[in-house]
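# Overview (structure and organization)
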Amino acid sequence: MTAWRLVEDDPAAEPGPVTRSDRPRPGGRRMLVVAAVVLLTLVGAGGLAAAGTGMFAERPDGCVKPDRSLQLYAVELPKDGTQIRLGYGLTPQTASYPGPTMEMMEGECLAITLHNQVPAETLAQLRTNPAHPLGVSLHVHGVKYTQQSDGTVQSASYVPPGESRTYTWYAAPRNNRTGSQGTAGYWWYHDHVVGGPHGTQGLSAGLFGGLVVRRPGDPKPDRTYVTAFGDRQSINLRRGEATDTCAAENPQPGPTCLVARKGERVEFIVVGIGNDMHTFHLHGHSWADTRTGVVSNGQPFADSVPVIDNKTLGPGDSFGVQVVAGDAVGPGHWMLHCHMQFHSDAGMSTMLHVLDENGQMPPGMDHQHPAAAPATAGTTSATATEGAAHQHN
Amino acid sequence: MTAWRLVEDDPAAEPGPVTRSDRPRPGGRRMLVVAAVVLLTLVGAGGLAAAGTGMFAERPDGCVKPDRSLQLYAVELPKDGTQIRLGYGLTPQTASYPGPTMEMMEGECLAITLHNQVPAETLAQLRTNPAHPLGVSLHVHGVKYTQQSDGTVQSASYVPPGESRTYTWYAAPRNNRTGSQGTAGYWWYHDHVVGGPHGTQGLSAGLFGGLVVRRPGDPKPDRTYVTAFGDRQSINLRRGEATDTCAAENPQPGPTCLVARKGERVEFIVVGIGNDMHTFHLHGHSWADTRTGVVSNGQPFADSVPVIDNKTLGPGDSFGVQVVAGDAVGPGHWMLHCHMQFHSDAGMSTMLHVLDENGQMPPGMDHQHPAAAPATAGTTSATATEGAAHQHN
Amino acid sequence: MTAWRLVEDDPAAEPGPVTRSDRPRPGGRRMLVVAAVVLLTLVGAGGLAAAGTGMFAERPDGCVKPDRSLQLYAVELPKDGTQIRLGYGLTPQTASYPGPTMEMMEGECLAITLHNQVPAETLAQLRTNPAHPLGVSLHVHGVKYTQQSDGTVQSASYVPPGESRTYTWYAAPRNNRTGSQGTAGYWWYHDHVVGGPHGTQGLSAGLFGGLVVRRPGDPKPDRTYVTAFGDRQSINLRRGEATDTCAAENPQPGPTCLVARKGERVEFIVVGIGNDMHTFHLHGHSWADTRTGVVSNGQPFADSVPVIDNKTLGPGDSFGVQVVAGDAVGPGHWMLHCHMQFHSDAGMSTMLHVLDENGQMPPGMDHQHPAAAPATAGTTSATATEGAAHQHN
């Protein structure tokens, strides 16, 4: 076992207008190849997963002990057509995709114990390489965690089937002394090991969810929705009709039914997953391109902040949109879609249904909902069928 | 006809770390399918377009009556090769793509009466689904409008051939009480119904234009240009030579001739349309990544604002670029292009021609313009021919 | 030779809600075609390159004379497989890709003399059009330069094989009078002529590098790394194993070995090159989305600034990421990757190796490095082989 040591005799280490040679040092290539063989052997034997107890701290600096703890279950859900679906849940029975929306306050430390209840055979089916270990993990954006909670294969911080592991997240506050920029923001969490070293198959199966870290004084929404924009023109892994399952008689808010009363503050945690670029567009509403989606009149610089109603996002990006439902524009079925035309035409489109202050939709256009959603009217019958098939039941 | 009512008995409605089940409620699927049949029947009969007079307000809150009104015409223009071209114009004779650049002041309410003069047969040719209604609409970004002015099929706010409809746009000012973030910004307007429910065919035929909403005190440009970055490596739907038609003897500013005197404040309304990602890059000039493209020294936070000369934009995005032409760098033929290399190589490149203070181009490189534009020199003869064909005449 | 003159008799020149006709003026098309023929003749004869001595100023306004001067060499490097590689270097012997990282202070004027030592035959092989001139250039983002230093064919500011040319860059400070927004920021420089008029082949061969312009008072990093995200899932034109060549015994910082001690301030100049969209993601660390990557508590507006750990970038974009290595999270092998899943799976992934304060890596996971990088474990053997082949030696 070798010790890492930083050698400072390389002038390239100095910032500034210097030249950096990229010619490999003698022996460098050989060393890498040898190490790779060792790794694959260890990984193939499954010996690494249990090993993550080295000298790396369990908790990030600033978190003396967790303020709160949660149990989280990774389970297999009914297939969506032929597509394997996995979900995170606070109980195995309530697992879903997206998983439960997490909320933290800056300064808080949270311990989450992940129980991997996904059958080993299912994980094996999703594996792209027989040497890749079987497991599920919890990788998070934005908050602080040590290598023990990285949720990656290379840090051995994942959970083999049937086992459990506790991940510690610290919503570090701002600290000018250490240079910490704070962690308040709109983030997300996801698996990083199912199928391959980046969790690509875990993500596309449903192992992701939203996280919001608030700072004291932040505006508090009345409703929070997660909208993950992903591959195959999907929102929350659903397309076409399946993106809007609101029943007119009885709309129940949830990942496929976005509904609010006029005047309510609605928050979207917008996340990019998968491989494709998208844009998040909402009709009739706009938001400030700030940390919170809001900026207050009179606040310094407020006047220079862009207010937008369409924002590009790539995979891994996450941001918050806060709007006052129906402000100025009134109730209605307000479209929410990707503005890439072939994405919206293919069904990457849903609605924010804004009811009046009494929780009613004015009758004028009621007959047009929800089937009037462009996702429905615009898709061919083949697509509509496919959309329906995507919804597991 | 059913009344929408928000039922709050679902714990998932509460924000926070909750689980949201995505399992459809019993009957939900059946209800959607029935409603879809009703809709398509109505739409197929063309009966919906005239119906948009329900209980939704005509004007957004804050607009008691319009401060100003405009007539806008949607017309068919000469084909660009085999491509159907449509345009908006303040008169039928001056219709163009992009359409007329709109300018509003925050607080202003504008009524625009759209006259659909596009022949029904043309709209039928662009239709992707025979059940989709024929019509043209006006959908706008950023400003406020009710469902009556949404410009969508599902809100029945479009214009059948030969008919007219008045759209009301309200440039709502900032209002801390209601949470309004203000509407000052760089926006755009476009059709949302030609061809399909997202207006994809209307957009690609030319039915779009720029909108700028100013706040009192905003810097006022000497010139405003719209540059819509779109599919097939196009700027304002043109490629290669057709992106720069400035005549050396007599450059007339317009959508295909970007010209300014040194020291003039030039504003670009940059819009993403279609399906592709692009980046807007301008040689020799840079701008602040703020609402206005400008930031003033001494302004709080000014020091932390990124100044950029290249910005990624996806479809639906719009932003403003303000530069002082030739500041520090002097006159010249300054390239403006998408920095995706195969886009610029294929002709997604034009010039901002900066003349000296007397309106003259220094002679040194005069012989190189305009054919010296990389869009010309870099394209094969086949592409150049195609570029020429794209320009209708 | 014709003089450019701006004619203001076109009402379209006025900003506001006007209509702009895009119909070509009589004769406009013919004029363009004639000019194109003249240009291609001149370019074909190679007569234009030496001609760049017209009436355009040599230096931008504000730079009376250069404060500093550099010699820069463009040379051919050993092939990467079958791929031609070129590099910039402060000496011919130290040329590399990325080229040397340049650093300027706002207010500084820098003269860079570029010596083109790339053989004409190599440039001819990279040329996409036999009429395109042979040469190498230096085009820069963000700072100010006249047409004489634009580095383009159309401005005749490139360097034929065996010749030299001096480019002048001025890091103009903020100036409210002229409207200058300042030039402090994270930028890059690159060839704009190899292969075609946008330098596409020069860029993809390696002719690019990072530039940072600092403003007095900006935070000063302990280390600066350039990470150029490009085509074929590459970081600094390397994929898979080749993105991380750190030797455990003796990690030497450089473009393929990102290493720092806990507590050091590390700066990344992140650049998008080529054709593809990417996202820059770093595990365990986050940064403020500001000009410097930093925002100070108590600074006006600081509370509204997004802190992010993933950022989308398109070709031509560049931004700065500043993090305090290991802050709160401790030492470890922190993944740095594109979050587009198929990009990271294909090897667009490396590590920031954070050692402890003594320059040691805690032993717990030491055996996992560097081959444990997901780029290694996740690629098939075919890809791994290809990755190795990409590394010239």
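Definitions and limits used
- Within each chain, residues carry numbers counting from 1 in the order of the written sequence.
- Chain letters and ligand numbers both follow the written order, the letters beginning at A and the numbers at 1.
- Selection of residues for local features in this predicted model requires a pLDDT of at least 70, selection of side-chain atom pairs for listing and counting requires 80 or more, and totals for whole chains, interfaces and linings are taken over all residues.
- Secondary structure is summarised from DSSP: a helix means a run of H or I of at least four residues, a strand means a run of E of at least two, and numbering begins at the N terminus for each.
- Here exposure depends only on C-beta density: within 10 Å of a residue's C-beta, 20 or more other C-beta atoms make it buried, 12 or fewer make it exposed, and intermediate numbers make it partly exposed, the C-beta atoms being placed from the backbone.
- Throughout, a pair of residues is in contact if the C-beta atoms placed from their backbones lie within 7 Å.
- One bridge is not enough; two strands pair if DSSP finds at least two bridges between them.
- The domain boundaries here were taken from an automatic or database domain assignment.
- Each residue gets one label: Ala, Val, Leu, Ile, Met, Phe, Trp, Tyr, Cys and Pro are nonpolar, Asp, Glu, Lys and Arg are charged, and the others, such as Gly, are polar.
- Working convention: axes come from line fits to C-alpha atoms, limited for helices to the stretch in contact. Angles between N-to-C directions cover 0 to 180 degrees.
- UniProt positions are given in the numbering used here, feature names are shortened, and annotations may be inferred rather than shown by experiment.
- The predictor rates its confidence in each residue with pLDDT, a number between 0 and 100.

## Quick notes on the overall build of chain A
Scanning chain A for helices and strands turns up six helices and 23 strands. The burial tally for chain A puts 64% of its 393 residues in the buried class. For chain A, long-range pairs separated by at least 24 residues make up 71% of all intrachain contacts whose partners lie at least 6 apart in sequence.

## Things to note about the pairing of strand β4 (residues 102-105) of chain A
Here is the key point about a regular strand: its side chains alternate between the two faces of the sheet. Residue and element names in this part refer to chain A. Of the two faces of β4, the one holding Met-102 and Met-104 is buried and the one holding Glu-103 and Met-105 is not buried anywhere. Direction of pairing for β4 relative to strand β11 (residues 208-214): parallel, over a ladder of four bridges. Bridge pairing links Glu-103 to Val-212 in β11.

## Let's talk about the domain arrangement of chain A
Residue and element names in this part refer to chain A. One can read the domain layout of chain A as domain 1 (68-214) and domain 2 (223-390). On a C-alpha basis, the centroid separation for the pair domain 1 and domain 2 is 25 Å. Opposite the 18 residues of domain 1 that make contact, domain 2 presents 17 residues. Those elements that place two or more of their residues in the side of domain 1 that touches domain 2 are β10 (185-190), α3 (200-205) and β11. Of the residues contributing to the side of domain 1 that touches domain 2, the split by class is nine nonpolar, eight polar and one charged.

## A short note on the environment of His-343 of chain B
Along the chain, His-343 of chain B falls in helix α4 (residues 341-345). Dropping the residues within four chain positions of it, His-343 of chain B is found in contact with Gln-233, His-278, Cys-338 and Met-348 of chain B.

## Quick word on the sheet that holds strand β5 (residues 109-116) of chain B
Residues and elements named next belong to chain B. One open sheet holds the four strands; their spatial order is β3-β2-β5-β7, and the pairing between them is mixed. A strand with exactly one partner marks an edge of an open sheet, and here the two such strands are β3 (83-89) and β7 (164-170). Sheet twist, expressed as the mean angle between neighbouring strand axes with direction ignored, is 25°. Across six bridges, strand β2 (residues 68-80) lies against β3 in antiparallel orientation. Across the sheet, residue Glu-76 finds its bridge partner in β3, namely Leu-86.

## Digging into the environment of Val-270 of chain B
Residue and element names in this part refer to chain B. Among the secondary structure elements, Val-270 is positioned in strand β15 (residues 265-272). By the C-beta count within 10 Å, which is 25 here, Val-270 ends up buried. Placed 166 residues apart in sequence, Val-270 and Met-104 show a C-alpha to C-alpha distance of 17 Å. When neighbours within four sequence positions are excluded, Val-270 is seen to be in contact with Thr-227, Phe-280, Leu-313, Ser-318, Phe-319 and Val-321.

## Digging into the UniProt feature "domain: Plastocyanin-like" (unreviewed entry) in chain A
Annotation from UniProt places "domain: Plastocyanin-like" (unreviewed entry) at residues 96-216 and 247-355 of chain A. A helix fraction of 11% and a strand fraction of 31% characterise residues 96-216 of chain A, whose end C-alpha atoms lie 30 Å from each other.

## What about unusual backbone geometry?
All names here are of chain A. Of the consecutive residues Tyr-97 and Pro-98, the connecting peptide bond is found in the cis state with omega at -5°. Mapping Pro-98 onto the fold places it in the loop between β3 (83-89) and β4. Of note in the backbone geometry, Ala-156 takes a positive phi value of approximately 55° without being a glycine. Inspection of the secondary structure puts Ala-156 in the loop between β6 (139-140) and β7 (164-170). Residue Ala-156 is classed as buried on the basis of its 26 C-beta neighbours within 10 Å.

## What about the sheet that holds strand β14 (residues 258-261) of chain C?
All names here are of chain C. In space, the five strands of this open sheet follow the order β14-β22-β21-β16-β19, with mixed pairing throughout. The sheet is open, and its two borders are formed by β14 and β19 (310-313), each paired with just one other strand. Neighbouring strand axes in the sheet, compared pairwise and without regard to direction, differ in orientation by 20° on average. Relative to strand β22 (residues 349-355), β14 is paired through four bridges, and the arrangement is parallel. Paired with Arg-261 across the two strands is Leu-355, which belongs to β22.

## Describing the pairing of β15 of chain B
Residues and elements named next belong to chain B. Across the eight residues of β15, eight count as buried, placing the element largely inside the fold. Burial along β15 is two-sided: Arg-265, Glu-267, Ile-269 and Val-271 and Val-266, Phe-268, Val-270 and Gly-272, pointing in opposite directions, are all buried. In this structure, strand β12 (residues 223-230) lies alongside β15, joined through seven bridges in parallel fashion. Residue pairing in the sheet places Tyr-225 in a bridge with Phe-268 of β15.

## Observations regarding the environment of Arg-223 of chain B
By secondary structure assignment, the location of Arg-223 of chain B is in strand β12. Spatially, the C-alpha atom of Arg-223 of chain B lies 19 Å from that of Phe-208 of chain B, the residues being 15 residues apart in sequence.

## Comments concerning the confidence of the model for chain A
Residue and element names in this part refer to chain A. Here chain A averages 83 in pLDDT, while 80% of its residues score no lower than 70. In this model, residues 9-54 is a region of pLDDT below 50 whose contacts with residues beyond four sequence positions or in other chains number 84 contacts. In this model residues 366-393 is a low-confidence stretch, pLDDT under 50, and it forms 87 contacts with partners more than four residues away in sequence or in other chains. For this predicted complex, the interface confidence score (ipTM) comes to 0.85, while the overall pTM stands at 0.86.

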